[in-house]
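# Structural overview
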Amino acid sequence: MLEGKKVIIGITGGIAAYKIPLLVRLLVKMKATVKIIMTPAAHGFVTPLTLSTLCGHPVLTDPYDKETGAWNSHVDLGKWADLFLIAPLSANTLAKMAHGQSDNLLLTTYLSAQCPVFFAPAMDLDMYKHPTTQQNITLLQQRGNIFIAPATGELASGLCGEGRMKEPAEILEVIKDHFKKKSDFTNKNILITAGPTREPIDPVRYISNYSSGKMGYAIAEAFADRGANVIIISGPVDLAIHNPRINIVPVTTAGEMLDAVNNLSDNIDVFVMTAAVSDYRPAVVAKQKIKKEDAGEVVLSLKKNKDILAHIGKNKTSKQLVIGFALETENEIDNAIRKLENKNADLIVLNSLNDPGAGFGADTNKISIIDKNGRVKRFSLKGKKEVAQDIVDTVKKIIL
C-alpha cells in the first residue's frame with residue numbers, strides 16, 4: 001500500500017521523538033521512501049545518525065549544508081512529498097506554524113508543502129490544554145492540515161492526562177488509511193455545480209450573489225484526491241484547479257448551467273449542487289448599456305429561472321445520488337428538510353448565515369447534513385477542505 005510513497009517526517013524538540021525511529025522503520029518496511037527534517041532542538045532527543053541509518057537518507061536541519069556546500073531546498077522538498085508528517089509537534093513549532101513563521105528548514109518546508117500535512121502534537125497536559133494551544137490546533141485544522149490527536153496516558157512530567165503522542169503503529173495506520181482513501185471513488189463520476197451565476201441586465205450590468213465557489217471547488221478536490229473523475233460546472237469565480245481528474249465547464253447564466261448539467265448527466269454517479277444559482281433573471285435584457293441620464297428610474301421585471309436541483313431530482317435514476325445545499329437565515333432545519341423533500345434530493349447540506357465563519361467567501365464553514373429520513377448530523381466549524389472531506393465521507397457510506 002505504501003510502496004513508492006514519499007513521506008517527509010518533521011521532528012521537533014520533545015521527548016516523544018524517541019518513538020520516531022520505530023515509525024521510520026515501519027514505513028521503510030512497507031517500502032515507503034522517507035526523508036527527515038529536524039529542528040535544532042530535536043537533536044537533543046534523538047540523533048540524526050540513528051534516523052539517517054534507518055531511512056537511508058541524510059537527515060536535514062539547516063537550509064545550507066556547511067560541509068558539502070549543498071542547498072537543501074524547502075521548495076523542492078515541498079514538491080517532492082506525497083505526505084508530510086510533523087511528529088512530535090511541540091507547542092513552540094505549533095504556534096509558529098499557525099502564524100506563518102519560518103525560522104528553520106522544517107517551517108519553510110511546511111509553508112511550501114503541496115501535499116497533505118499531518119500533525120501529531122506531544123506536550124505536557126497543561127500546555128496541551130492551554131487555550132492558545134487549542135486555538136493554534138484549530139487554526140491548522142481550518143487550513144486543511146490533518147490533526148492526529150494525542151492520547152491520554154502517563155507523560156514525561158509524571159502527570160497523567162492528554163498530551164501523549166500516538167504510538168508509531170497508530171500513526172502508521174493513519175498514514176495507511178490516507179493512502180487507501182485515494183482509491184475510494186475509482187471509476188465513479190461526480191458532477192459538481194459551483195459558484196454564482198450572473199443574469200445580464202444590459203451588456204455591462206448583471207444580477208448575481210456573493211458566492212465565491214470555494215466550497216464546491218474544495219469538494220471537487222476531495223473527490224478527485226480519492227480517485228473520482230470530477231466535472232465542475234462553474235459560474236464565474238476567481239479560483240483555479242490543478243488536479244488532472246477535474247474538468248471545468250465554465251458557464252455564466254443559470255440557463256447555461258442547466259444546459260451543461262443536462263448534457264453531462266447521463267453517466268454521473270453523484271451530483272453535488274453547491275452553486276448559488278440565481279432564482280430570477282431580467283425579463284428583458286437591454287442590447288445597449290442603460291444610460292442613467294436617459295432612463296431615470298429603472299424598474300426591472302424578473303422571470304423565474306428553472307430550478308436545476310429540482311430538475312435533477314425529478315429526473316435522476318435509482319443509481320444516482322443527488323446532494324443539494326441550503327443556505328438559510330431562519331428556521332434552518334425545517335427549511336432545509338422542506339427543500340430536501342421538494343427537490344427530491346438524497347441529502348441536503350445546510351449552513352446558516354447566522355453562524356460566524358459560515359457565510360459567502362469565508363475559508364471556513366459549519367454544516368449539518370440531513371438525509372431522506374430526516375436524520376441530522378451536525379459538524380463543528382472547520383476549514384472548507386475539512387468540510388469537503390466530511391461530505392465525501394458521508395457519500396462514501398451511502399454508495400460504496
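Preceding this paragraph is the structure being described.
The sections below set out a description of the structure shown in this document. All figures in this text were calculated on a predicted structure; none of them were measured in a lab.

In this section: the overall build of the protein. A tally of helices and strands in the protein yields 14 helices and 21 strands. Each principal axis of the C-alpha distribution contributes one length, and for the protein these read about 75 × 50 × 40 Å. When each of the 400 residues of the protein is scored for burial, the buried share is 47%. Restricting to contacts in the protein with at least 6 residues of sequence separation, those with at least 24 account for 67%. Charge centroids of the protein, computed over 48 positive and 42 negative side chains, lie 4 Å from each other.

On to unusual backbone geometry. Residue Pro88 is reached from Ala87 by a cis peptide bond, and omega for that bond is -10°. Along the chain, the position of Pro88 falls in strand E3 (residues 83-89). At Asn187, a position not held by glycine, the phi torsion is positive, near 70°. Position of Asn187 among the secondary structure elements: in the loop between helix H8 (168-180) and strand E8 (189-194). Asn187 gets classed as exposed once you look at its relative accessible area, which sits at 64%. Despite not being glycine, Asn331 has its phi angle at roughly 45°, a positive value. Summarising the element assignment, Asn331 is placed in the loop between strand E16 (321-328) and helix H13 (332-343). Accessibility expressed as a relative area gives 51% for Asn331, which makes it exposed.

Before going further, it helps to spend a moment on the side chain of Gln320. One can find Gln320 in the loop between helix H12 (308-315) and E16. At 2.9 Å, the side chain of Gln320 and the backbone oxygen of Ile268 are in polar contact. Side-chain polar atoms of Gln320 contact the backbone nitrogen of Thr317, separated by 3.0 Å. Leaving out residues up to four positions away in the same chain, Gln320 has contacts with Ser265, Asp266, Ile268, Asp269, Phe271 and Asp346.

So, on to the layout of surface pockets. Its boundaries defined by the atoms lining it, the largest pocket holds a volume of some 1,900 Å³. Around the largest pocket, the lining is made up of 50 residues, and of these Pro116, Gly144, Asp225, Lys385 and Gln389 lie nearest the centre. Taken together, the residues that form the lining of the largest pocket break down as 20 nonpolar, 12 polar and 18 charged. If you add up the space inside the second largest pocket, you get close to 1,100 Å³.

Before going further, it helps to examine the packing of aromatic side chains. By the definition in use, this model includes 2 aromatic pairs. Here the aromatic rings of Phe185 and Phe223 are separated by 5.1 Å at their centres, their planes lie at 80°, and the arrangement is edge-to-face. A residue pair is termed long-range when its members are at least 10 positions apart, and Phe185 in the loop between H8 and E8 and Phe223 in helix H9 (residues 214-225) qualify at 38 residues. Like Phe185, the residue Phe223 is buried in the burial classification. We note Lys35 situated over the ring of Trp80; from NZ or CZ to the ring centre the distance is 4.4 Å.

Turning next to the sheet that holds strand E19 (residues 368-371). Pairing within the open sheet is mixed, and its 8 strands lie in the order E12-E11-E8-E13-E16-E17-E19-E20. Looking at strand neighbours, the two that pair on one side only are strand E12 (246-250) and strand E20 (376-378), the edges of this open sheet. Strand-to-strand twist of the sheet, defined as the mean angle between neighbouring strand axes without regard to direction, takes the value 20°. In the sheet, E16 pairs with strand E17 (residues 347-352) via 6 bridges, with the strands oriented parallel. Pairing of Ile323 across the sheet is with Leu347, part of E17. On the sheet, helix H14 (residues 384-399) packs against strand E13 (270-273), E16, E17, E19 and E20 and is oriented at approximately 145° with respect to E16.

Turning our eyes to something else, we now look at a nonpolar patch on the surface. On the surface, Tyr210, Leu327, Leu353 and Phe360 cluster together into a nonpolar patch covering about 430 Å² of accessible area. Examined against the element boundaries, Tyr210 turns out to sit in the loop between strand E10 (205-207) and H9. Since its relative accessible area comes to 70%, Tyr210 is described here as exposed.

Time to look at the nonpolar core. Formed by 32 residues in total, the largest nonpolar core has its most connected members in Ile219, Phe223, Val230, Val272 and Ile323. Among the secondary structure elements, those contributing two or more residues to this core are E8, H9, strand E11 (229-234), E13, E16, E17 and H14. With 8 residues, the top contributor of residues to this core is H9. One finds Val7, Leu23, Ile36 and Leu83 within the second-largest nonpolar core, a separate group that totals 31 residues.

Let us now look at H9. Because an α-helix packs 3.6 residues into every turn, residues spaced three or four apart end up facing the same way. With 12 residues, H9 should cover 16 Å at 1.5 Å per step; its first-to-last C-alpha distance of 16 Å lies within 8% of that length. For H9, every residue scored as buried is listed here: Met215, Gly216, Tyr217, Ala218, Ile219, Ala220, Ala222, Phe223 and Ala224. Count one or two residues on from H9 and you reach Gly227, which has phi positive near 100°.

Looking only at H12, the buried set comprises Ile308, Leu309, His311, Ile312 and Gly313. For H12, the elements touching its buried residues are helix H10 (254-264), E13, E16 and H13. With a side-chain oxygen lying 3.2 Å from the backbone nitrogen of Leu309, the N-terminal cap of H12 falls on Asp307.

Parameters at a glance
Residues numbered from 1 in each chain as written. Predicted model: local features only at pLDDT ≥ 70, side-chain atom pairs only at ≥ 80, totals over all residues. Heavy atoms only, no water. Helix = DSSP H or I, 4+ residues; strand = E, 2+ residues; numbered from the N terminus. Buried < 20%, exposed > 50% of the residue type's maximum accessible area, 1.4 Å probe, protein only. Contact = heavy atoms within 4.5 Å. Lys, Arg positive; Asp, Glu negative; His and termini not counted. Charge placed at Lys NZ, Arg CZ, Asp CG, Glu CD. Polar contact = N/O pair within 3.5 Å; in protein donor to acceptor, adjacent residues only side chain to side chain. 1 Å grid on protein atoms, 1.4 Å probe; cavity = no way out; pocket = protein on both sides within 12 Å on 5 of 7 lines; lining within 4 Å. Points joined across faces, edges and corners; volume = space filled by probe spheres on them. Nonpolar A, V, L, I, M, F, W, Y, C, P; charged D, E, K, R; others polar. Phe/Tyr/Trp six-rings, centres within 6.5 Å; stacked < 30°, edge-to-face > 60°. Lys NZ or Arg CZ within 6 Å of the ring centre and 35° of its normal. Pairing = 2+ DSSP bridges. Axes fitted to C-alpha atoms, helices over the stretch in contact; angles between N-to-C directions. Patch = residues over 30% accessible without salt bridge, like charges linked within 9 Å, V, L, I, M, F, W, Y side chains within 5 Å. Areas by Shrake-Rupley, 256 points an atom, 1.4 Å probe, with all protein chains shown as cover. Salt bridge = Lys/Arg side-chain N within 4 Å of Asp/Glu carboxyl O. Core = buried A, V, L, I, M, F, W, Y, C linked by side-chain atoms within 4.5 Å. Expected span 1.5 Å × (residues − 1).

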